[in-house]
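Spelled out from the first residue to the last, the chains are:
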Amino acid sequence: MRAEILDGKSTAAKARSRIAEEVAQWVAGGGAIPTLAAVLVGDDPASQVYVRNKEKACQKAGMQSRLIRQPDSTTTEQLLDLLAQLNLAPEVHGILVQLPLPKQIDTQSVLDAVDPIKDVDAFAPENVGLLVQGRPRYLPCTPHGIVHLLAEYRIETLGKHVVIVGRSDIVGKPLANMLVQRDAGLGKSFANATVTVCHSQSENLASITRSADILVAAVGRPKLVTADMVKLGSVVIDVGINRVEDQIVGDVDFDSVCEVAAAITPVPGGIGPLTIAMLLRNTLNAAKLQAIQQP
Ligand code: GUN
């Protein structure tokens with residue numbers, strides 16, 4: 001079997017142009033230009049690239065972005081002060097704090113300090129709680145990107161066994177929470193899954209992953225998923241972005257898994273571009289929500 005390549009790049013471009021049309025309509029109707037504030041602390045090269053890509057995508061979609069750079073030595077208190085200002089700024093609709101933060105910073109209290117209505121990453125406890133209860137305010141960007149890609153390719157999750165390798169707060173946990181819903185906003189066919197979440201303490205990992213109809217790798221370990229861990233004819237989603245000897249590789253051993261899977265996402269050009277498109281969606285939705293809430 002030679003797997004079909006699920007093209008995240010073109011799917012994301014299509015989503016972005018739809019969002020750009022909606023932004024233009026919104027602004028033509030008197031709405032405020034949706035504005036994202038991206039906070040980047042320190043000089044991690046990968047984070048700089050991600051934030052620059054997010055900014056560029058905002059601008060191309062007719063939105064505004066503000067990059068707020070802070071030195072590597074920033075303290076938790078300084079970051080909390082900055083977030084308090086951004087929370088109060090009426091012209092800022094979405095706030096994104098790029099992760100990871102430097103070691104001295106208490107990441108959880110920083111994420112807790114983002115006003116939930118401006119929390120376009122959907123990391124705030126209130127937004128996580130709303131998602132778990134099946135009434136999301138914002139869908140988390142990477143999980144939303146994954147389900148959006150599956151929906152575009154008509155790969156249904158209803159009744160399927162989805163195995164997620166990785167229990168991060170950014171991908172594994174929120175994706176599991178989306179997929180077990182009756183409808184997470186993309187229709188019943190793209191929810192209602194039987195979900196298993198594996199992690200570093202899981203025993204017999206390969207026997208669990210081999211039972212997946214849809215296997216999602218999101219652990220940040222280069223080429224962890226090999227062909228012997230994949231069921232024949234399954235769908236494999238690779239969320240990993242790992243730098244190995246100046247090359248970007250995923251969590252999936254692409255060449256060997258291609259021979260077993262029916263469909264697979266490449267790295268790069270798979271889930272990464274969709275994460276950015278879904279961030280734009282949330283920023284537009286945030287501008288609309290805040291327009292309703294204003295007195
Ligand atoms: N770092 C890696 N992925 C993400 C993400 O989706 N959002 C933010 N803010 N930081 C990240």
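Just so it is clear, the model here is predicted, and its values are computed rather than measured.

1. Digging into the overall build of the chain
Scanning the chain from terminus to terminus reveals ten helices and eleven strands. Relative to a compact globule of 295 residues, whose C-alpha radius of gyration would be 19 Å, the chain shows 19 Å and is just as compact. Seen through its C-alpha atoms, the chain measures out along the principal axes to roughly 55 × 45 × 35 Å. A total of 295 residues make up the chain; the buried ones form 50% of that total. In the chain, once contacts between residues fewer than 6 apart in sequence are set aside, the share between residues at least 24 apart is 72%. When the accessible area of the chain is evaluated, it comes to approximately 13500 Å², of which 51% is carbon and sulfur surface. Computed over 28 positive and 31 negative side-chain charges, the separation of the two mean positions in the chain equals 5 Å.

2. Some remarks on the sheet that holds strand E11 (residues 263-264)
Strand order in the open sheet formed by six strands is E1-E11-E8-E7-E5-E6, with parallel pairing between adjacent strands. Across the chains shown, the open sheet's two edge strands, defined by having one partner strand only, are strand E1 (4-5) and strand E6 (194-198). Pairing geometry for E1 and E11, over two bridges, is parallel. Looking at the pairing, Glu4 lines up with Ala263 of E11.

3. Comments concerning helix H5 (residues 125-132)
Within H5 the residues assigned to the buried category are Asn127, Leu130 and Leu131. Buried residues in H5, looked at end-on, bunch into an arc of 100°, giving them a common side. Turning to H5, the residues buried within the fold contact helix H7 (172-179). Where H5 terminates, the next one or two residues include Gly134, which has phi positive at roughly 80°.

Definitions and cut-offs
- Residues numbered from 1 in each chain as written.
- Predicted model: local features only at pLDDT ≥ 70, side-chain atom pairs only at ≥ 80, totals over all residues.
- Heavy atoms only, no water.
- Helix = DSSP H or I, 4+ residues; strand = E, 2+ residues; numbered from the N terminus.
- Rg over C-alpha atoms; globule rule 2.2 N^0.38 Å.
- Buried < 20%, exposed > 50% of the residue type's maximum accessible area, 1.4 Å probe, protein only.
- Contact = heavy atoms within 4.5 Å.
- Areas by Shrake-Rupley, 256 points an atom, 1.4 Å probe, with all protein chains shown as cover.
- Lys, Arg positive; Asp, Glu negative; His and termini not counted.
- Charge placed at Lys NZ, Arg CZ, Asp CG, Glu CD.
- Pairing = 2+ DSSP bridges.
- Arc of directions from axis to C-beta.

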